[in-house]
Amino acid sequence: MGRKHPKPKLAVWKFASCDGCQLSILDCEDELLDIAGAVEIAYFPEATRAVVKGPYDISLVEGSVTTPHDAERIHKIRRASTVLITIGACATTGGIQALRNFTEVADYVRAVYPTPQYIETLSKSTPITDHVFVDFELRGCPINKLLLLELISAYLNGRKPVVPEYALCLECKRLGNTCVMVAHGAPCMGPVTQAGCGALCPSYNRPCYGCFGPKRTPNTGSLAEWWRHHRDMSEEELVRAFRGFNAWSEAFRRASEAHEQTTMK
Amino acid sequence: MADASDSQSNPPVDPAPSGPDGERKLLRLPDLDRLIGLLRARGFRVIGPTVRDATIMLGDIESAAQLPSGWAERVEAGFYRVERRDDAACFAHRTSPESAKRHLFPPAQKLWRADGSEDHPQPVVEDRSTAPRLAFLGLHACDLAAIAVQDKVFMGGAYVDHVYATHRRGALIIAVQCTSSAPTCFCDSMGTGPHLDGGCDLGMTELIEGGEPVYVVHTGSEEGAQLLAGLAPPPASHAQVVAAEQLVAEAAAHQKRRMQTEGIKDLFYQNYENPRWEEVARRCLTCANCTMVCPTCFCANIEDGTDLSGRLAERRRRWDSCYTLDFSYIHGGSVRYSPMSRYRQWLTHKLATWIDQFGTSGCVGCGRCIVWCPVGIDLTEEVAALRMSARAS
Ligand code: SF4
Ligand code: SF4
Ligand code: SF4
Ligand code: SF4
């Protein structure tokens, strides 16, 4: 109190999600004290019960909107925040729970819950940007904590964050990995997926699953065509390849729907 | 070590392997092991081919036992597999997934850092002069041609890139002549191989005698000659020298892919709007793999960073590519938004504007971009198609 420049207030909000991205923040063990020194952690129930009232300088939002209540709550958060950053695949593209968007959610509710009338849920899981203006979308399932630190550092120092938008392949090649697609024949999503994870899966000789969502100008059609001809992948397998944690992102949704239509022919 | 203004690693003594037979020496595998030991004793970091993650990759090696004895690769567009051979050849492979580029022009480097908590913050540049000298074992003719191209890029003009120059001036190169060609090689038509033509300290050709490898060796520099003398090798026989040259000539003759380079600049400059560009762009993923593996591509991005407090600042350089949108971002957006314009930029730069810029082609015919393109796009096919459609129109 009484300081001329109080520390910026940071809040962390949760919507429909697994908490993995929030855990990535707590996973910044070495840097957590620095973060606490640079910003005032005003609202972060996952970490602390102390609550400081808004407005907030930075709001980090995890999770997608799946209930009518959440659809209202996100507007209140937006009004109370100067900068709103979504963290993770759920908040940015709807998450794995957006698989419901391709089906009838009411059928599941009836099948799973003994008293379905108590369940109030929306038919679709949607990203935050469908509801309010978002200043920055940090991708990943979960996010890369180093990129989150970079984003907060950039905000605090008034500079442009260094967060890549290009294909994972650049990151993979810089690391000197063997390309699992060319050398092992694995169906790697790297060429259509945004970098940022540090090429985790290819570094362990696994194909990329697309956790960071589509890169800019992704050519999903050409990649699928190659898989069909050179790996004998069926249309069903192609649908599944694009229907992961970022199934509801525009590029992956169009790709999976195109292959689904072919299966129905 | 070469003098600082010299762009070649060492003064050539006997660049063309056509001197009298007596100058060719013969090494066996145990000699190669001694050679590696000798280099390491002199403080070199030895980088040679080794089997890693189901590829024959350039990496740090400490003994000849790490060489890919009995292995080679089978490649096609977008396809690579290692395979067993029925002999103990150590250099039967052709281009490796990566070239010397990774070591001379590292994919990520800190350029400087500054600490603002000091009274007079000064940028601190890392001292590279203490880094060990690099000894490359088993580079091919196309690799040397690519190094010569990057020498022009990084050391040829008024502004010398110090990161590259430090690694390059200290480098020692023991090259091998290819005794077979991969289906993706087209160095013969680019005039860059498989025959070694200078640019190395020692040059070797591998022969298989009774299932075991022997090496016909020629020297290319004083330092190479000294190194070889340390092994006191016997001379190679006339028959061995002839056999070696024969294999290299056959490797050239058997190349399946070719690039017709005649009038290639005009071909590109007159075909900016050729519909073929749209066709290839429908397949291209703009994933940048071709530029990453290309031994001559030299693009990088400069990134500035701070810590949370803003007291520590640092500037980094990382490999980048004309396939990324950030790379051509100016105020208002990227100047090459369409994938078509990005594929066109890559090929036009490699094969045409490079000639205006550096007086040489940006392609040495190694075929890496063909092998490591995830969807097998082949530049020789694109150039041929461009020629066809230019003729038709
Ligand atoms: S392994 Fe995947 S991410 Fe890495 S270069 Fe190959 S396709 Fe790209
Ligand atoms: S353009 Fe392709 S073939 Fe030519 S040097 Fe580069 S990677 Fe090799
Ligand atoms: S082709 Fe692209 S990445 Fe390669 S040097 Fe030219 S502009 Fe750079
Ligand atoms: S040509 Fe191939 S490797 Fe190069 S960007 Fe296009 S898809 Fe990727």
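Residues numbered from 1 in each chain as written. Chains lettered and ligands numbered in written order. Predicted model: local features only at pLDDT ≥ 70, side-chain atom pairs only at ≥ 80, totals over all residues. Heavy atoms only, no water.

**Quick notes on the overall build of chain A**
Heads up, the condition is: Segments assigned H or I by DSSP are reported as helices when at least four residues long, segments assigned E as strands when at least two residues long, and all are numbered from the N terminus. All radius of gyration figures rest on C-alpha atoms, and the globule criterion is 2.2 Å times the number of residues raised to 0.38. Two residues qualify as a contact provided that any one of their heavy atoms is within 4.5 Å of a heavy atom in the partner residue. A residue counts as positive if it is Lys or Arg and as negative if it is Asp or Glu; His and the chain ends are not included. The atoms used to mark charge sites are NZ of Lys, CZ of Arg, CG of Asp and CD of Glu.
The helix and strand tally for chain A stands at 12 helices and five strands. Against the 2.2 N^0.38 benchmark of 18 Å for 265 residues, chain A shows a C-alpha radius of gyration of 20 Å, consistent with a compact globule. Based on the C-alpha atoms only, the size of chain A along its principal axes is roughly 70 × 55 × 25 Å. Within chain A, contacts between residues separated by at least 24 positions form 71% of all contacts whose residues are at least 6 apart in sequence. For chain A, the distance from the average position of its 30 positive side-chain charges to the average position of its 29 negative side-chain charges is 4 Å.

**Here we look at the sheet that holds strand 1 (residues 25–28) of chain B**
All names here are of chain B. The condition is simple: Pairing between two strands is assigned when DSSP locates at least 2 bridges connecting them. Fitting a line to C-alpha atoms yields each axis, with helices limited to the stretch in contact; the angle taken between N-to-C directions then spans 0 to 180 degrees.
Taken together, seven strands build an open sheet; the order of strands is 1-10-9-8-7-2-3 and the sheet is mixed. Across the chains shown, the open sheet's two edge strands, defined by having one partner strand only, are strand 1 and strand 3 (55–60). On average, each strand axis in the sheet is inclined to that of its neighbour by 30°, with strand direction left out of account. Note: strand 2 (residues 45–52) against strand 7 (residues 134–139), three bridges, orientation parallel. In the sheet register, R45 faces strand 7, and the bridge partner there is L134. Contacting strand 1, strand 8 (172–177), strand 9 (202–209) and strand 10 (212–219), helix 6 (residues 222–229) runs over the sheet at an angle of about 135° to strand 10. Along the sheet, helix 7 (residues 238–253) makes contact with strand 1, strand 8, strand 9 and strand 10, crossing strand 9 at roughly 95°.

**A few points about the interface of chain A and chain B**
Rules: A quick way to say it: buried area is the sum, across both parts, of accessible area lost when two parts are put together, with a 1.4 Å probe. Salt bridge, as used here: a side-chain nitrogen of Lys or Arg that lies within 4 Å of a carboxyl oxygen of Asp or Glu. Counting of polar contacts relies on pairs of N or O atoms within 3.5 Å, with two restrictions inside protein: one atom must be capable of donating a hydrogen and the other of accepting it, and residues adjacent in sequence are counted only when both atoms are side-chain atoms. Ten residues, namely Ala, Val, Leu, Ile, Met, Phe, Trp, Tyr, Cys and Pro, are considered nonpolar, four, namely Asp, Glu, Lys and Arg, are considered charged, and the remaining ones, Gly among them, are considered polar.
The interface is formed by 37 residues belonging to chain A together with 48 residues belonging to chain B. Together, the buried faces of chain A and chain B total about 3300 Å²; carbon and sulfur atoms form 56% of this surface. If you sort the residues of chain A by the area they bury against chain B, A:K173, A:R174 and A:V182 come out on top, with a joint share of 22%. Our enumeration of links across chain A and chain B arrives at zero salt bridges. Linking chain A to chain B there are 21 residue pairs in polar contact (both at pLDDT 80 or more). Taken together, the elements giving at least two residues each to the side of chain A that touches chain B come down to helix 2 (29–38), helix 6 (145–156), helix 7 (168–174), helix 8 (180–184) and helix 10 (220–230) of chain A. The residue makeup of the side of chain A that touches chain B, split by class, is 18 nonpolar, 11 polar and eight charged.

**Description of the site of ligand 3**
All names here are of chain B. For clarity, the cut-off: Distances are taken per atom, and a residue is near a molecule or strand as soon as one of its heavy atoms is within 4 Å of it.
Taken together, T291, C297, F298, C299, S321, C322, Q345, W346, H349 and W354 are the residues near ligand 3. In terms of residue count, helix 11 (residues 339–358) provides more of the shell around ligand 3 than any other element does, four residues in total. Grouping the amino acids of the shell around ligand 3 by side-chain chemistry returns six nonpolar, four polar and no charged.

**Examining helix 9 (residues 276–283) of chain B**
Residue and element names in this part refer to chain B. In plain terms, the rule: Accessibility here uses a 1.4 Å probe with only protein chains present; expressed as a share of the type maximum, an area under 20% marks a residue as buried, one over 50% as exposed, and anything in between as partly exposed. Note: the arc covers the axis-to-C-beta directions of the helix.
When we look at burial in helix 9, the residues that qualify are R276, W277, V280 and A281. Angular distribution of buried residues about the axis of helix 9 spans 135°; they occupy a single face of the element. Next to the buried residues of helix 9 lie helix 8 (264–269), helix 11 and helix 13 (379–392).

**Some remarks on the site of ligand 4**
In the neighbourhood of ligand 4, 13 residues make up the surrounding shell, with B:C284, B:L285, B:C287, B:C290 and B:C373 lying closest. A per-class count over the shell around ligand 4 returns 11 nonpolar, two polar and no charged.

**Here's the deal with the packing of helix 9 of chain B against helix 11 of chain B**
Residues and elements named next belong to chain B. Our working rule: By definition in this entry, angles of less than 35 degrees are roughly parallel, angles greater than 145 are roughly antiparallel, angles of 65 to 115 are roughly perpendicular, and the rest are oblique.
Between helix 9 and helix 11, the shortest axis-to-axis distance is 8 Å and the interhelical angle comes to 105°. By the angle between their directions, the pair helix 9 and helix 11 is classed as roughly perpendicular. Contacts between helix 9 and helix 11 involve W277, E278, V280 and A281 from the former and P339, M340, Y343, R344, L347 and T348 from the latter. Considering only residue class, the contact of helix 9 with helix 11 consists of seven nonpolar, one polar and two charged.

**Quick word on the domain arrangement of chain A**
Residues and elements named next belong to chain A. Rule in force here: What counts as a domain boundary in this text is fixed by an automatic or database domain assignment.
Once the domains are mapped, chain A shows domain 1 (9–156) and domain 2 (168–264). Its C-alpha centre places domain 1 at a distance of 25 Å from the equivalent point of domain 2. Contact residues are listed per partner, giving 17 residues for domain 1 and 17 residues for domain 2. Counting the surface lost from both domain 1 and domain 2, the interface buries some 1400 Å², and carbon and sulfur atoms represent 64% of this. For domain 1, the biggest contributors to the area lost against domain 2 are T93, F102 and R139; these three give 45% of the whole. At the surface where domain 1 touches domain 2, the tally comes to four residue pairs in polar contact (both at pLDDT 80 or more).

**With respect to the domain arrangement of chain B**
All names here are of chain B. Along its sequence, chain B is organised into domain 1 (25–253) and domain 2 (264–392). Here domain 1 and domain 2 have C-alpha centroids that lie 26 Å from each other. Taken together, the contact pairs 44 residues of domain 1 with 38 residues of domain 2. Interface area for domain 1 against domain 2, summed over the two sides, is near 3400 Å², with a carbon-plus-sulfur share of 62%. There are three salt bridges connecting domain 1 and domain 2.

**A closer look at the side chain of B:Q255**
All names here are of chain B. By the secondary structure assignment, Q255 is in the loop between helix 7 and helix 8. Residue class for Q255 comes out buried when judged on its relative accessible area of 7%. In terms of polar contacts, Q255 uses its side chain to reach the backbone amide nitrogen of D188, at 3.0 Å. Beyond its immediate chain neighbours, meaning those up to four positions away, Q255 contacts S181, C185, F186, C187, D188, S189 and P194.

**A word on a negative patch on the surface**
Residues and elements named next belong to chain A. Quick reminder of the rule: Note on patches: the residues involved have over 30% relative accessible area and no salt bridge, like charges join within 9 Å, and the nonpolar side chains Val, Leu, Ile, Met, Phe, Trp and Tyr join within 5 Å. Where accessible areas are quoted, they stem from the Shrake-Rupley method and a 1.4 Å probe; at the residue level, only the protein chains shown are allowed to cover.
A grouping of D27, E29, D30 and D34 is seen on the molecular surface, where their side chains present a negatively charged patch. With respect to the element layout, D27 can be found in the loop between helix 1 (20–26) and helix 2. Residue D27 is classed as partly exposed on the basis of its relative accessible area, which comes to 40%.

**Thoughts on a nonpolar patch on the surface**
A grouping of A:Y108, A:V112, A:Y113 and A:I119 is seen on the molecular surface, where their side chains present a nonpolar patch of about 390 Å² in accessible area. When you line up the elements, A:Y113 lands in the loop between helix 5 (105–112) and strand 5 (136–138).

**What to know about the pattern of salt bridges**
All names here are of chain B. Scanning all chains against the criterion turns up 34 salt bridges over all chains. As a salt-bridge pair, R257 and E76 come within 3.6 Å of each other at their nearest N and O atoms. Here R257, found in the loop between helix 7 and helix 8, pairs with E76, found in strand 4 (residues 71–76); they are 181 residues apart in sequence, far enough to count as distant. Across the pair E303 and R318 runs a salt bridge, and its minimum N-O distance is 2.9 Å. Taken as a pair, E303 in strand 11 (residues 300–306) and R318 in strand 12 (residues 312–319) lie far apart in primary sequence, 15 residues in all. You can call R318 partly exposed: its relative accessible area is 22%. One network of salt bridges, in which partners are shared, links K110, E303, E314, R316 and R318.

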